[in-house]
Amino acid sequence: AGAVRARKCFPGRGNRPGQQISMKFEGRKSKKYDILVNPYPIFASHLVIASDRHVDQNIWKRYVDMLDLARALGGFTVFYNGPRCGASAPDHFHFQAASRGQMPLECDIDAVLDSLHGTAVQDMHGTPDGSCPLVYLTAVQDAELFHYRKFNRGIFVMRAATSKSAAKMFYRLLDCAPVQEEGHEPMFNLLSWYSQGEFRSVVIFRKSHRPHHYFSTGEGHLMISPGCADMAGVVVTPLEEDFRKMTPALLEEVY
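Rules behind the numbers
Residues numbered from 1 in each chain as written. Predicted model: local features only at pLDDT ≥ 70, side-chain atom pairs only at ≥ 80, totals over all residues. Heavy atoms only, no water. Helix = DSSP H or I, 4+ residues; strand = E, 2+ residues; numbered from the N terminus. Contact = heavy atoms within 4.5 Å. 1 Å grid on protein atoms, 1.4 Å probe; cavity = no way out; pocket = protein on both sides within 12 Å on 5 of 7 lines; lining within 4 Å. Points joined across faces, edges and corners; volume = space filled by probe spheres on them. Nonpolar A, V, L, I, M, F, W, Y, C, P; charged D, E, K, R; others polar. Pairing = 2+ DSSP bridges. Axes fitted to C-alpha atoms, helices over the stretch in contact; angles between N-to-C directions. Phe/Tyr/Trp six-rings, centres within 6.5 Å; stacked < 30°, edge-to-face > 60°. Buried < 20%, exposed > 50% of the residue type's maximum accessible area, 1.4 Å probe, protein only. Lys NZ or Arg CZ within 6 Å of the ring centre and 35° of its normal. Expected span 1.5 Å × (residues − 1).

Participant: Just to check I follow, could you spell out the side chain of Asp-65 for this structure?
Facilitator: Within the secondary structure, Asp-65 sits in helix H2 (residues 63–73). Setting aside chain neighbours within four positions, we find Asp-65 in contact with Phe-25, Gly-27, Arg-28, Lys-31, Tyr-33 and Phe-95.

In structure tokens, the structure reads:
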């Protein structure tokens, strides 16, 4: 918190590089955003969608804007890092977006949802071989909620024909999750995209900001601070030495 207070708010309009241009995006209920090129991209066509006002990172009343962005941007996946879940600017609200198909978790879930058309989802309980890792949980109007039983435990998948029903489902799901501090949102990462005429979202719940390796010293240290990209399968190692010592077992420890 002290480091955040001590530096300039870099997504803010007055603190961006002179070369940084932007496109306007109108959210719901007078909320406005600037669509920017990410100055430190980790994906092809990596964008930052920053609020035009300096407000904290919090998804409350902004999830529908995320869905509107996903539909407007077409071939992009929009993602959100909670303030203690990988957000580089927890003091300034922002989404990110990247061309679809670059994150393994997104690709796998997208393929499974594509295969579900015409399926009686109420009878879905997953398959032992993992060919269908989704387990149906409930529905709200035209929105359906599934548990993704592959990779990590705390991953939930939603699909809906309308943003209104998707939002109802999303906020009911958040209400079920624990919060570490009163007045704060649960710890999670979120991906959303629009495909096959429906909104699709993935909620990844978590209990830690960083793995214990981040705080270790010596050989056990890893400078990995997972955000949405990492939790969706694209792990960022800022240090080359960490990249070289990474193994499947070590990566599983991190998750």
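After presenting the structure, the write-up continues.
Participant: How should I be thinking about the layout of surface pockets in this particular structure?
Facilitator: Unfilled space is identified by rolling a water-sized probe across the atoms. In this structure, the second largest pocket spans a volume of roughly 640 Å³. Considering the residues around the second largest pocket, the lining is formed by 24 residues, among which Phe-205, Arg-206, Lys-207, Ser-208 and Tyr-255 are closest to the centre. Of all elements in the fold, only strand S10 (198–205) and helix H7 (248–254) reach the threshold of two or more residues within the lining of the second largest pocket. Looking at side-chain class alone, the lining of the second largest pocket contains 13 nonpolar, six polar and five charged residues.

Participant: Teacher, can you tell me more about the sheet that holds strand S4 (residues 76–81) here?
Facilitator: Within a sheet, adjacent strands bond to each other through the backbone by hydrogen bonds, running parallel or antiparallel. Spatially, ten strands are ordered S1-S2-S3-S5-S4-S9-S10-S8-S7-S6 in an open sheet, and the strand pairing comes out antiparallel. Strand pairing shows two members of the sheet lacking a second neighbour, strand S1 (23–26) and strand S6 (134–140), which therefore form its edges. Neighbour-to-neighbour, the strand axes of this sheet turn through a mean angle of 25°, independent of strand direction.

Participant: I tried to follow the packing of aromatic side chains on my own but got confused; where do I start?
Facilitator: What characterises a pair of aromatic rings is the spacing of the ring centres plus the angle enclosed by the ring planes. Enumeration according to the criterion identifies 19 aromatic pairs in this entry. Ring centres of Tyr-80 and Phe-93 lie 5.9 Å apart, and the angle between their planes is 25°; this geometry places the pair in the stacked category. Here the residue Tyr-80 occupies a position in strand S4, and Phe-93 occupies one in the loop between S4 and strand S5 (94–99), the gap between them amounting to 13 residues. Comparing Tyr-80 with Phe-93, the two get one shared label, buried. Relative to Phe-188, the ring of Phe-170 has its centre 6.1 Å away and its plane inclined at 65°; by these criteria the two rings are edge-to-face. Of this pair, Phe-170 sits in helix H4 (residues 163–175) while Phe-188 is found in strand S9 (residues 188–195), placing the two residues 18 residues apart along the sequence. Taken individually, Phe-170 and Phe-188 each receive the classification buried, so the pair is uniform in this respect. One aromatic cluster in this structure is built from Phe-25, Tyr-33, Trp-60, Tyr-63, Tyr-80, Phe-93, Phe-95, Phe-156, Phe-170, Tyr-171, Phe-188 and Phe-205. Taking the ring centre of Phe-93 as reference, the NZ or CZ of Arg-62 above it sits at 4.4 Å.

Participant: How do you make sense of H4 when you look at a structure like this?
Facilitator: Residues that lie three or four places apart on an α-helix share one face, since the helix turns once every 3.6 residues. Compared with the 18 Å implied by 1.5 Å per residue over 13 residues, the 18 Å span of H4 between its first and last C-alpha is a close match. By the burial criterion, the buried members of H4 are Ser-163, Ser-165, Ala-166, Ala-167, Met-169, Phe-170, Tyr-171, Leu-173 and Leu-174. Where H4 is buried, its residues meet H2, S6, strand S7 (143–148), strand S8 (155–160), S9 and S10.

Participant: Even after reading the chapter, I still don't get empty space enclosed by the protein, so can you show me in this structure?
Facilitator: For the structure shown, the criterion picks out one cavity of 30 Å³ or more. Within this model, the largest cavity holds a volume of roughly 30 Å³. As for the largest cavity, its lining consists of Tyr-63, Met-158, Arg-159, Ala-160, Ala-166, Phe-199, Arg-200 and Ser-201. Of all the secondary structure elements, the ones that give two or more residues to the lining of the largest cavity are S8 and S10. Residue classes in the lining of the largest cavity are distributed as five nonpolar, one polar and two charged.

Participant: Where do I start with unusual backbone geometry in this structure?
Facilitator: Glycine aside, the phi torsion of most residues is negative, and most peptide linkages are trans. Even without glycine at this site, Ser-30 takes up a positive phi of about 70°. A relative accessible area of 57% places Ser-30 in the exposed class. Even without being a glycine, Gln-141 presents a positive backbone phi close to 50°. Looking at where Gln-141 falls in the secondary structure, it is placed in the loop between S6 and S7.

Don't take any of this as a statement about function, it's just geometry.
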